[in-house]
Amino acid sequence: MRNDTDVLIVGAGHAGAACAIALRQGKFEGRILVVGAEPDLPYERPPLSKEYFGGDKPFERLLIRPEAFWVERNVTFKLGTTVTSVDAAAHTVTTESGEVIGYRHLVWATGGAPRRVSCDGHHLAGVNTVRTRADADRMMAEMPNVSNVVVIGGGYIGLEAAAVLSKFGKKVVLLEALDRVLARVAGEPLSRFLEAEHRAHGVDVRLGVAVDCILGEDRVTGVRLADGEVLQADLVIVGIGIVPAVEPLVAAGAEGGNGVAVDAHCRTTLPDVFAIGDCARHANRYAEGAQVRLESVQNANDQASVATKAILGQPIDHDATPWFWSNQYDIKLQTVGLSIGYDQTVVRGDIASRSFSVIYLKAGRVVALDCVNAVKDYVQGRKLVVEGARVDVARLADATTPLKDLVTEAVS
Ligand code: FAD
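All figures in this text were calculated on a predicted structure; none of them were measured in a lab.

Calculation criteria
- Residues numbered from 1 in each chain as written.
- Predicted model: local features only at pLDDT ≥ 70, side-chain atom pairs only at ≥ 80, totals over all residues.
- Heavy atoms only, no water.
- Pairing = 2+ DSSP bridges.
- Helix = DSSP H or I, 4+ residues; strand = E, 2+ residues; numbered from the N terminus.
- Axes fitted to C-alpha atoms, helices over the stretch in contact; angles between N-to-C directions.
- Contact = heavy atoms within 4.5 Å.
- Near = heavy atom within 4 Å.
- Polar contact = N/O pair within 3.5 Å; in protein donor to acceptor, adjacent residues only side chain to side chain.
- Areas by Shrake-Rupley, 256 points an atom, 1.4 Å probe, with all protein chains shown as cover.
- Buried < 20%, exposed > 50% of the residue type's maximum accessible area, 1.4 Å probe, protein only.
- Expected span 1.5 Å × (residues − 1).

Caption draft 1: Examining the sheet that holds strand S11 (residues 204-207) more closely. The five strands are arranged S8-S15-S9-S10-S11 in an open sheet whose pairing can be described as parallel. The open sheet has two edge strands, strand S8 (127-129) and S11, and neither has a second partner. Adjacent strand axes in the sheet meet at a mean angle of 20 degrees, parallel and antiparallel pairs treated alike. In this sheet, strand S15 (residues 235-238) lies alongside S8 in parallel orientation, the contact comprising three bridges. Looking at the pairing, Val-127 lines up with Val-236 of S15. Strand contacts of helix H4 (residues 156-167): strand S9 (148-152), strand S10 (171-176) and S15, with the helix running at about 165 degrees to S10, the strand carrying the most contacts.

The structure is reproduced here in structure tokens:
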């Protein structure tokens, strides 16, 4: 059997970097090789639609660790290299150039590729997604020649991009197929608040609309909606989710379907193969044990720790509390828990004050919080989520009662 490295990490993103860091922190002395499709050392992805896209943070400040860190810790990178197949029995992977790499443990940390629209015109120049540094750089380079932007998708990335573009004085139309933005992940009070904020900043938010096609010869000139209306566009940004990058693993026999399935130790169904981050589907206690795939830096880091512990022979169960953040204009949104299947929302504070929280309950128990410019609620409410607390709803809604007081009053 080939033995080129002890741990082979495929994917040099958040999860892959966190795994390499955790292995060395855990005193792992074996060889670590990270193979990544992008040409850059691991960098933070969230600023791509926020500070980096807005020109407020240079790329060097996005690096998860400087090059010297990796050199000192003897973590080897093979960048600009895509793994195309896995042979789990032989413990090898093959890259697109045909190179075969043997491993003892394989950690699959490949994230996902942005989902693309399938309508006519989707291949035109000027139609972009936001996943990589290259995506952001391409759009930033085009910015001086751009006046009209159409953003397809009212999820976090579409909303964040719209906020940056409107700050630059671009005329932005944001298209959402459903009847409110963030419909899959947030309650109606938050959706309506964000729609109003974007409109107040000049973004033309259109809800319940379908795209017919993207217009242009070589480069995009517009977007035609299903009702025939044509929107002028020099740039289109598509933010409609990702497709997990798991084909080679699934082809090798790993159980898949919306990512690759992992157990509580982040093990796939293949021997000595782990999967972590955006590409890993797992049973999550905050979803009542349902299988979910979380797309967040927190999840990438936590699953990296769990896989590392298993590799070190000190297994721990994955039981992390999900959290996430988003910045749009001067709005700092922080969420904790998973609102999947909630049956009640409570608004805490005055939405008009632009500092409030939406609290999600299921069968009387707190399952998640979305906190808008309300850091105290986020910090203090976390325990309510962790404990699945039953609390008096009137007290929950009363912003003068600190959430930490409710933690002690909670009925289990
Ligand atoms: P990634 O970071 O995507 O890394 C995967 C890497 O694997 C990529 O470099 C990819 O090129 C590489 N790869 C894929 N296939 C192969 C292959 N076959 N061979 C070799 N390499 C391969 N999360 C938050 O918590 N808060 C935020 O505010 C937030 N904002 C975001 C904004 C944007 C624009 C984006 C794109 C994401 C944002 N996220 C945010 C999500 C967060 O960035 C992801 O959850 C996180 O990057 C997941 O880490 P990962 O390692 O699983 O995947």
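Caption draft 2: Just the site of the ligand, in detail. Around the ligand there are 31 residues in total, and Ala-15, Glu-38, Lys-50, Arg-131 and Asp-278 lie nearest to it. In the model, an oxygen atom of the ligand is placed 2.7 Å from a nitrogen or oxygen of the Ala-15 main chain. A distance of 3.0 Å separates a nitrogen atom of the ligand from a polar atom in the backbone of Ala-37. Relative to its free-state accessible area of 1000 Å², the ligand is covered by the protein chains to the extent of 93%.

Caption draft 3: View of the environment of Gly-222. When you line up the elements, Gly-222 lands in strand S13 (residues 220-225). We classify Gly-222 as buried; its relative accessible area is 1%. Distance from Gly-222 to Gln-232, taken between C-alpha atoms, is 4.3 Å for residues 10 residues apart in sequence. Residues in contact with Gly-222, not counting those within four places in the same chain, are Ile-214, Leu-215, Leu-231, Gln-232 and Ala-233.

Caption draft 4: Representation of helix H5 (residues 188-200) within the structure. For H5, spanning 13 residues, the distance from its first C-alpha to its last is 18 Å, which sits close to the expected 18 Å at 1.5 Å a residue. Among the residues of H5, those classed as buried are Pro-189, Leu-190, Ser-191, Phe-193, Leu-194, Glu-195, Glu-197 and His-198. Of the residues flanking the end of H5, it is Gly-202, one or two places downstream, whose phi is positive at about 95 degrees.

Caption draft 5: Structural view of the side chain of Arg-206. Inspection of the secondary structure assignment puts Arg-206 in strand S11. Of the polar contacts made by the side chain of Arg-206, one reaches the side chain of Glu-229; its length is 2.9 Å. When near neighbours in sequence (up to four residues on either side) are disregarded, Arg-206 contacts Val-173, Leu-174, Leu-175, Glu-176, Leu-225, Glu-229 and Leu-231.

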